[in-house]
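Next come the chains, spelled out residue by residue.
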Amino acid sequence: RAAQLPEPFVEFAGVYEELRAAAEDSLKVNVGDPQALRTHLSCTNLTQASSPRSPCFYPAEQLNSWSWDFTEFTVEELIKLAYDIFIVSGAMEDFQLQPKILRNFLTAAASHYQAIPYHNFNHVCHVLQATYLVSSHTAAVNVLTSLERLALLIAALCHDLDHDGHSNSFHVNSGSELARIYNDQSVMENHHCAMTFAILSRTDCNVLAVLSPEEQRTIRKVIISAILCTDMANHFALTQEFQKHGVVYEPDIEPDRLLLTKVILHAADIGNAVRPFYVNHAMSRRVHREFEAQAHEELALGLPVTFSVDTSDHVMCARVELNFLDYVVSTLWERLVDVLPELAPQMAQLRINRTRYRRIADTGRTADQVLAEEEEEQRQRQLMEEKPVSACAALEGRASTAPAGPSETQLGSIANGETCAVGADNEVSGFGSLTPLEAQISGAAAQEPRGMLVRPGCVPQGPHANSTMLQREADPDQLAQDSQM
């Protein structure tokens, strides 16, 4: 082809071909061979249970819960979690995905997440689960096509592929190779997209091979647009577009569906605060550690410091989190609740978490101290509610045998026509009830439906539940040790 060009362009054409080949090779380097992680999911483990949508590894109740704590899962456990999500979402059944191919794709993707504090495979699986819950357990399921929901799962799984712990600003300011390849535009997000399709180009990883050529073109468009919108530089433009759109999204209008897919993935990506506080706090500390490491590197290289945070200063970290919740997360999620009201409990949880960070910032107390104070306040409140009942029971000679009965909060719920039951531990059971304290500090009792929440004093559920997590996260000495690992 170069020989057919005029003489002055022959040399340029040769250089161009070399650059193009080098760029392609850079994307192919280290594209994960699934054989390297194949021991994680043996073929026998991939046999489905009673139905095509029955998960293989974890109970559906956990997979469908916003309160599930998997912040300490190993890579193997996370791959199993991702595999189960592709099952319970219906993607495996709808598109007849082959178990071995899906396993290969998941393990190859997992192998491309680096051991960095935040943008790792654990973060990605939180985004994957949140994306699944929003796209499959709300009215969005009636708007998006099954192909678009599959695209969202793949985009969520791959949206941070090969992230090196540096922001786009760092790459641009340092003039990195990736910044040169992508012309300083959404550097990391373009790289994540390229890596996604590099992995899918492997025959043994190509979960899209079952699709028609037209479907492959469609899903590629959705995956790329969704991943590119995770660039925080696009946040305010996306939020403004979302706010200007009405609350009704038509399944027959492609631009409506495309906007909704972009919003769902971005909301999931920044949505740690809609989970229980111990999950939100753990993830917050991790992202702060990553920014802190980048700031140290920027100083060493003489580059502008993109974002400065001192992880040993828990008050500063609380203020950083408050600003992020107020000016970034809340604006998008409030509108998302307008469009998908089923997510109101998650917005209530965000308000609870914000109240706790406000206490930390205002009082200087640690997260553990704030939670301990809340538990003591709740204990005192329960004692005050139980005293009249105990006194009446004593007068009737049955103080030692009579149950305490429902609290005033529970009686109020019954009076309001809410269907709830009093469990053996005197908690209101049902669809994730709020404790009286959480309802009070969030304003959710009067404004928000009850959501899937876990009390701050509860031990996190799951194979790696760790009741000392908050203490470890808030301990500066331990954080210093962690950063050296």
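Residue positions within a chain follow its written sequence, with the count starting from 1. Totals for whole chains, interfaces and linings use all residues, but because this is a predicted model, local features are given only for residues with pLDDT of at least 70 and pairs of side-chain atoms are given and counted only at 80 or more. With hydrogens and water stripped out, all remaining heavy atoms of the structure feed into the side-chain values.

Looking up the chain in an unreviewed UniProt entry gives the name Phosphodiesterase, with the organism given as Volvox africanus. UniProt positions are given in the numbering used here, feature names are shortened, and annotations may be inferred rather than shown by experiment. Heading Sequence similarities (unreviewed entry) of the UniProt record for the chain holds this comment: "Belongs to the cyclic nucleotide phosphodiesterase family."

**Q** Account for the UniProt feature "binding site: Zn(2+) 1" (unreviewed entry) in the chain, with residues named and values stated.
**A** If you check UniProt for "binding site: Zn(2+) 1" (unreviewed entry), the listed places come out as His123, His159, Asp160 and Asp269 in our numbering. A stretch of 147 residues holds the annotated residues, and the largest C-alpha distance among them is 10.4 Å, short enough that they meet in one place. Not counting the four nearest positions on each side in its chain, His123 is found in contact with Tyr118, His159, Asp160, Asp269 and Met283. Helix and strand definitions follow DSSP, with helices as H or I runs of at least four residues and strands as E runs of at least two, each counted in order from the N terminus. Along the chain, His159 turns up in the loop between helix H7 (146–158) and helix H8 (168–174). Between buried and exposed lies partly exposed: a residue is buried under 20% and exposed over 50% of the maximum accessible area for its type, with that area taken using a 1.4 Å probe on protein chains only. For His159, a relative accessible area of 0% gives the class buried. The criterion used for residue contact is that any of the two residues' heavy atoms lie within 4.5 Å.

**Q** A description of unusual backbone geometry should follow, citing residues and the corresponding values.
**A** Of note, the phi angle at Gln96 is positive, near 50°, even though the residue is not glycine. Within the element layout of this structure, Gln96 appears in the loop between helix H4 (91–95) and helix H5 (99–110). On the basis of relative accessibility, which here comes to 53%, the residue Gln96 falls in the exposed class. Phi at Asp184 takes a positive value of approximately 65°, unusual for a residue other than glycine. Relative to the elements of secondary structure, Asp184 occurs in the loop between helix H9 (177–181) and helix H10 (187–200). Classification of Asp184 by relative accessible area gives partly exposed; the value is 42%.

**Q** Go over the nonpolar core, please, and point to the residues and values.
**A** Buried residues of nine kinds, namely Ala, Val, Leu, Ile, Met, Phe, Trp, Tyr and Cys, make up a nonpolar core once their side-chain atoms join them within 4.5 Å. Core analysis: the biggest nonpolar cluster contains 100 residues, and Phe105, Ile154 and Leu157 have the highest contact counts within it. Leave out the neighbours within four places in its chain, and Phe105 touches Ile154, Leu157, Cys158, Ile199, Leu200, Cys205 and Val207. Grouped together as the second largest cluster of nonpolar side chains are six residues, Leu178, Ala179, Tyr182 and Ala194 included.

**Q** So what about helix H14 (residues 277–301)? Which residues, and what values?
**A** Between the first and last residue of a helix there are one fewer steps than residues, each counted as 1.5 Å, and that sum is the expected span. In this model H14 runs 36 Å from its N-terminal to its C-terminal C-alpha over 25 residues, within 8% of the 36 Å that 1.5 Å per residue would give. The buried count for H14 comes to 18 of 25 residues, which makes it a mostly enclosed element. Gly302 sits one or two positions beyond H14 and adopts a positive phi of about 75°.

**Q** Give me the UniProt feature "active site" (unreviewed entry) in the chain: which residues, what numbers.
**A** The sites that UniProt annotates as "active site" (unreviewed entry) are His119. As for its position among the elements, His119 is in the loop between H5 and helix H6 (121–136). For His119, a relative accessible area of 17% translates into the label buried. For His119, the residues in contact, after removing those within four places along its chain, are Tyr113, Asp160, His163 and Glu290. Throughout this description, a polar contact denotes any pair of N or O atoms lying within 3.5 Å of each other; where both atoms belong to protein, one of them has to be capable of donating a hydrogen while the other can accept it, and for residues adjacent in sequence the pair is counted only when both atoms sit in side chains. A polar contact of 2.5 Å, which involves the side chain of His119, links it to the side chain of Glu290.

**Q** I'd love a proper account of the environment of Ile101, names of residues and values included.
**A** Inspection of the secondary structure puts Ile101 in helix H5. Remark: the alpha-carbon pair of Ile101 and Leu208, spanning 107 residues in sequence, is separated by 9.7 Å. Look past the residues within four positions of Ile101 in its chain and what remains in contact with it is Thr203, Asp204, Cys205, Asn206 and Val207.

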